[in-house]
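Structure at a glance
Chain residues, written in single-letter form:
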Amino acid sequence: MTHSTSSHSKGLSAAIRTVSAAVTLSLLALPGAAMAEKVLRIGMTAADIPRTLGQPDQGFEGNRFTGIPMYDALTQWDLSKSNGPSLLIPDLATEWKVDDKNKTEWTFKLRPGVKFHDGSPFNADAVVWNVNKVLDKTAKQFDPSQVGVTASRMPTLRSAKKIDDMTVQLVTSEPDSFLPYNVSNLFMASPTQWEKKYAAVPASVIDPAERSKQAWVAFAADASGTGPFKMTRFVPRERLELAKNPAYWDNKRVPKIDKVVMLPMPEANARTAALLSGQVDWIEAPAPDAIAQIKSHGFDVYANAQPHMWPWQLSFAPNSPWLDKRVRQAANLCVNRAGLKTLLGGYMAEAKGIVEAGNPWWGNPAFTIKYDPAAARKLMTEAGYSAAKPVKVKVQVSASGSGQMQPLPMNEYVQQNLKECFFDVDFDVVEWNTLFTNWRIGAKDASAHGANAINVSFAAMDPFFAMVRFVSTKTQPPVSNNWGYFGNAEFDKLIETARTSFGEKERDAALAKLHARIVEEAPFVLIAHDVGPRAISRKVKGVVQPQSWFIDIATMSID
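As a starting point, this report considers the structure included with it. Keep in mind that this is a model prediction, so the values were computed, not measured.

On the secondary structure map, Lys 230 appears in strand S8 (residues 229-235). In this structure Lys 230 comes out as partly exposed when scored by relative accessible area, which is 30%. Distance in space between the C-alpha atoms of Lys 230 and Glu 61 is 18 Å, their sequence separation being 169 residues. Once residues lying within four places of it in the same chain are set aside, the contact partners of Lys 230 are His 117, Glu 241, Leu 242, Ala 243, Lys 244 and Asn 245.

Let us now look at the nonpolar core. Formed by 125 residues in total, the largest nonpolar core has its most connected members in Trp 312, Phe 423 and Leu 514. Examining the composition of this core, we find that seven residues originate from one element, helix H15 (residues 463-471), more than from any other. Discounting residues that sit within four places of it in the chain, Leu 514 has contacts with Met 467, Val 468, Val 471, Phe 491, Leu 494 and Ile 495. Counting residues in each nonpolar core, the second largest holds 25 residues, with Phe 116, Val 127, Leu 157 and Leu 179 among its members.

Three or four residues apart is the spacing at which side chains of an α-helix point the same way, because the helix has 3.6 residues per turn. Among the residues making up helix H6 (residues 191-199), those that are buried are Pro 191, Gln 193, Trp 194, Lys 197 and Tyr 198. Buried residues of H6 fall within an arc of 160° about the axis and therefore sit on the same side. Capping of H6 at its N-terminal end is provided by Ser 190; its side-chain oxygen lies 3.4 Å from the backbone amide nitrogen of Thr 192.

A few words on the sheet that holds S8. Across the sheet, which stays open at both edges, the seven strands sit in the order S8-S9-S10-S1-S11-S20-S12 with mixed pairing between neighbours. For this open sheet the edge positions go to S8 and strand S12 (299-302), each flanked by a neighbour on one side alone. Each neighbouring strand pair of the sheet contributes to a mean axis angle of 20°, computed without reference to strand direction. Pairing between S12 and strand S20 (residues 534-537): four bridges, direction antiparallel.

Attention shifts here to the state of the cysteines. A disulfide bridge is the covalent bond that connects two cysteines by way of their sulfur atoms. The full count for this structure, using the stated rule, is one disulfide. Put simply, Cys 334 and Cys 421 are joined by a disulfide, and their sulfur atoms are 1.9 Å apart. Taking the sign of the S-S torsion, about 85° here, the bridge from Cys 334 to Cys 421 comes out right-handed. In this pair, Cys 334 sits in the loop between helix H10 (325-333) and helix H11 (337-343) while Cys 421 sits in the loop between helix H13 (407-419) and strand S16 (423-430), placing the two residues 87 residues apart along the sequence.

As for its placement among the helices and strands, Ile 49 is situated in the loop between strand S1 (39-44) and helix H2 (59-67). Taking the C-alpha atoms as reference points, Ile 49 and Met 265, 216 residues apart in sequence, are found 9.8 Å from one another. Not counting chain neighbours up to four residues away, the residues in contact with Ile 49 comprise Met 44, Asp 57, Thr 66, Phe 234, Val 235, Arg 237, Glu 238, Arg 239, Leu 240, Met 262 and Pro 264.

This paragraph deals with the pairing of strand S4 (residues 93-98). In terms of strand pairing, S4 meets strand S5 (residues 105-110) through five bridges, oriented antiparallel. Within the sheet, the bridge partner assigned to Trp 96 lies in S5 and is Phe 108. Adjacent in sequence and paired antiparallel, S4 and S5 are bridged by six residues.

Turning our attention to the pairing of strand S15 (residues 391-398). Most of S15 is tucked away, with six of its eight residues classed as buried. Pairing geometry for S15 and S16, over eight bridges, is parallel. Residue pairing across strands places Lys 392 opposite Asp 424, the latter belonging to S16. Taken together, S15, H13 and S16 form a β-α-β motif whose crossover is right-handed. Relative to strand S17 (residues 453-454), S15 runs parallel, the two sharing two bridges. When the bridges of S17 are listed, Val 395 appears paired with Ala 453.

About the cut-offs
Residues numbered from 1 in each chain as written. Predicted model: local features only at pLDDT ≥ 70, side-chain atom pairs only at ≥ 80, totals over all residues. Heavy atoms only, no water. Helix = DSSP H or I, 4+ residues; strand = E, 2+ residues; numbered from the N terminus. Buried < 20%, exposed > 50% of the residue type's maximum accessible area, 1.4 Å probe, protein only. Contact = heavy atoms within 4.5 Å. Core = buried A, V, L, I, M, F, W, Y, C linked by side-chain atoms within 4.5 Å. Arc of directions from axis to C-beta. Polar contact = N/O pair within 3.5 Å; in protein donor to acceptor, adjacent residues only side chain to side chain. Pairing = 2+ DSSP bridges. Axes fitted to C-alpha atoms, helices over the stretch in contact; angles between N-to-C directions. Disulfide = S-S within 2.5 Å. Right-handed = clockwise from strand over helix to strand, strands pointing away.

Geometry only, nothing functional implied.
Encoded structure:
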């Protein structure tokens, strides 16, 4: 696959003119007082503003931009350093403990003195209410639209019970040492604010489910969390404006920036043009062949190794071409990852597993992922394929999206690689949020459009997110993200051992065995680790690019 520098330059120049006009009109809508404020303008890869009602969509870009800034969870990731792994730390819970006698029961002690943006108190009642919004279908506030992006991330959580105002008990369906990681995805929305919106629904709406739905729509437009920023303006598909919360409970994260403006810009050239023309201060995933130009214009490009995987996830449904392990391993041997890294201007790491060698979960797999097209062709020949008789595969991909890096040029590059190893690859290109939704529905559903692989990147910072949700028979659709219906008894046993191991050493040993078996059995074509490149104006100070898919805006400032 080749790129024309001249055609790119023309495209970028045109994009600069188009974006400059469009974004200038958009930014003119800012109040006049904004000129005196410290305003940070961000160009996101999402095609729409991630949902603001407490449980974001748009993948983890939603968590990054409408979750973490506006809300808190019981636990959170430490995003304060760039020179070490991001670890789980307390957030709205100060401590937690599993019951020694019944390891399905957890006690979480809550942080006192925290208030929602509307002034109401955060307490155990609020935790129970937020658990029930996604787990209890009989609850007034139950919202089916939030279930998919939440329950799939904490599949064993079953209920919450108030012990006292500052203590809550969480109950799981089975012993689950992953629960503290899982609840970092359950953001706490204000029950008081929601009740106000519910009460304001017209009396003519008598169906309880419809009243709840309308209340959530109203809440999303006037949201209330406990986070360091609070919503001031929301225009779907156009912009989200947040203002600092000077009363935020964590002094280290009380914002120095007055306002954050988020603008959806799904096309890489458009984002790059917006940055170069001064319309935004920060863009996610800049166009790789514009990096030198971006730097020459005085912007900094941040990147860091992170637990993040860009793969093809394969289908094990009946008649899938991937049922033969030789085909799966051949695909892993036929991707020229070094060439792909060059295509991306160096902004990726070559994948040899879901985690990298040296990680406690590595496990020393017997199968080595590398570029060896001769070995790949040998496996394909053994499987009955040839240049005259290639295997036809179809991959559902997106044109942009959270963590998707540069999905179209990357997938086209892999397509050309695999052609050399007797693969005939076709793509089904869908919008990112559609792809993300389809990921939970599964390969057997009509939403797959006949695809037998799917390209959804994922954060791999904890055992459940990195491995378990993709290979457990308990996480097959619609429970979680085992899109391809992979599963066998050996894997389930390793997962059970890891899940029920509450000591770190024993859990890591089981996870290392699981990871090694995943690499060997190849339910993925493992291609790249993202390094999260983002280009930011030098007037933005205090930027910490952690070893994480997330980043903390609250600790930044603007000159």
